[in-house]
Amino acid sequence: MTVQVIGHIRSRAFRVVWMLEELGKAYEHVSARPHSKEVLACNPSGKIPVLQDRGITIADSTAILGYLSDSHGRFTHSCGSEIRVRQDSWTYLLLDEFDACMWAAAKHSFVLPDEWRVPDLKPTLKWEFQCAASSLAKRLGAGPYLTGDEFTVPDIILTHCCDWAELAKFEVSEPKILAYLDRTRSRPAYRRAAAKRQ
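What counts, and where the lines are drawn
- Residues numbered from 1 in each chain as written.
- Predicted model: local features only at pLDDT ≥ 70, side-chain atom pairs only at ≥ 80, totals over all residues.
- Heavy atoms only, no water.
- Pairing = 2+ DSSP bridges.
- Helix = DSSP H or I, 4+ residues; strand = E, 2+ residues; numbered from the N terminus.
- Axes fitted to C-alpha atoms, helices over the stretch in contact; angles between N-to-C directions.
- Contact = heavy atoms within 4.5 Å.
- Parallel < 35°, antiparallel > 145°, perpendicular 65-115°, else oblique.
- Left-handed = near helix turned anticlockwise from the far one by under 90°.
- Nonpolar A, V, L, I, M, F, W, Y, C, P; charged D, E, K, R; others polar.
- Salt bridge = Lys/Arg side-chain N within 4 Å of Asp/Glu carboxyl O.
- Buried < 20%, exposed > 50% of the residue type's maximum accessible area, 1.4 Å probe, protein only.

The sheet built from four strands is open, its strands ordered β2-β1-β3-β4 with mixed pairing. Since the sheet does not close on itself, it has two edges, and those belong to β2 (27-30) and β4 (56-59), each with one partner. Each neighbouring strand pair of the sheet contributes to a mean axis angle of 15 degrees, computed without reference to strand direction. The strands touched by helix α1 (residues 13-23) within the sheet are β1 (3-6), β2 and β3 (50-53), with β1 carrying the most contacts at an inclination of about 155 degrees. Against the sheet, helix α3 (residues 61-72) engages β3 and β4, with an angle of about 135 degrees to β4.

Attention now moves to the packing of helix α6 (residues 153-167) against helix α7 (residues 175-185). Running from N to C, α6 and α7 point in directions that differ by 110 degrees, and their axes come no closer than 10 Å. Compared by their axis directions, α6 and α7 come out roughly perpendicular. For the pair α6 and α7, the sense of crossing is left-handed. Contacts between α6 and α7 involve Asp 155, Leu 158, Thr 159, Cys 162, Asp 163 and Glu 166 from the first element and Ile 177, Tyr 180, Leu 181, Thr 184 and Arg 185 from the second. In terms of residue class, the contact of α6 with α7 is made up of five nonpolar, two polar and four charged.

What follows covers the pattern of salt bridges. One side chain can pair with another of opposite charge once the charged atoms of both are near each other. Using the criterion set out here, one finds 13 salt bridges in the structure. Residues Glu 21 and Arg 192 are paired through a salt bridge, measuring 2.8 Å at the closest nitrogen-oxygen approach. Highlighted residues: Glu 21 in helix α1 and Arg 192 in helix α8 (residues 188-195), separated in sequence by 171 residues. Judged by its relative accessible area of 39%, Arg 192 is partly exposed. Arg 187 is the partner of Glu 22 in a salt bridge, and the nearest nitrogen-oxygen pair spans 2.8 Å. Linking Glu 22 in helix α1 with Arg 187 in the loop between α7 and α8, this pair joins segments that are 165 residues apart in sequence. Taken individually, Glu 22 and Arg 187 each receive the classification buried, so the pair is uniform in this respect. One salt-bridge network, held together by shared partners, links Asp 163, Glu 166, Arg 185 and Arg 197.

Given below as structure tokens:
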């Protein structure tokens, strides 16, 4: 049975599509909005993305990336190793400081009902994003990717968060991050996934 990814490509579903392209795995992509009937049929929360594989249903993009990388033994490091701890540390940092910031901006721009949006939060979120980017730039090592020479799950998350930031007009200006993005965005699998956003 072919793996199925449910969620429109201009969401965190992009991360899953990119990972599947990296793995060279056949998949079906169902472009569906949050809370659509296609999504609710497999995820009662209505959130996207959702992955269906061999009778398993997984929601949350990070959980999906972990499942795909661990089950294929690629784009991840061995559980319990020192480098895996560093990989996981990057993942959680990016979720806390980058993804959460962009999600808050999205919620107060178009996700929440009008009466619950606080547009004045956006300048604060932009400032938080810049602080996080400045801190991250100082932590980037000499390797081409976050954990060194190997491309791993947090590289997908960081690149997607920066794509999201640019779309939301959050400035990504740190030279080390821009050089890093040149490397990740030049990967053939990224380009194939990005072409689906057009």
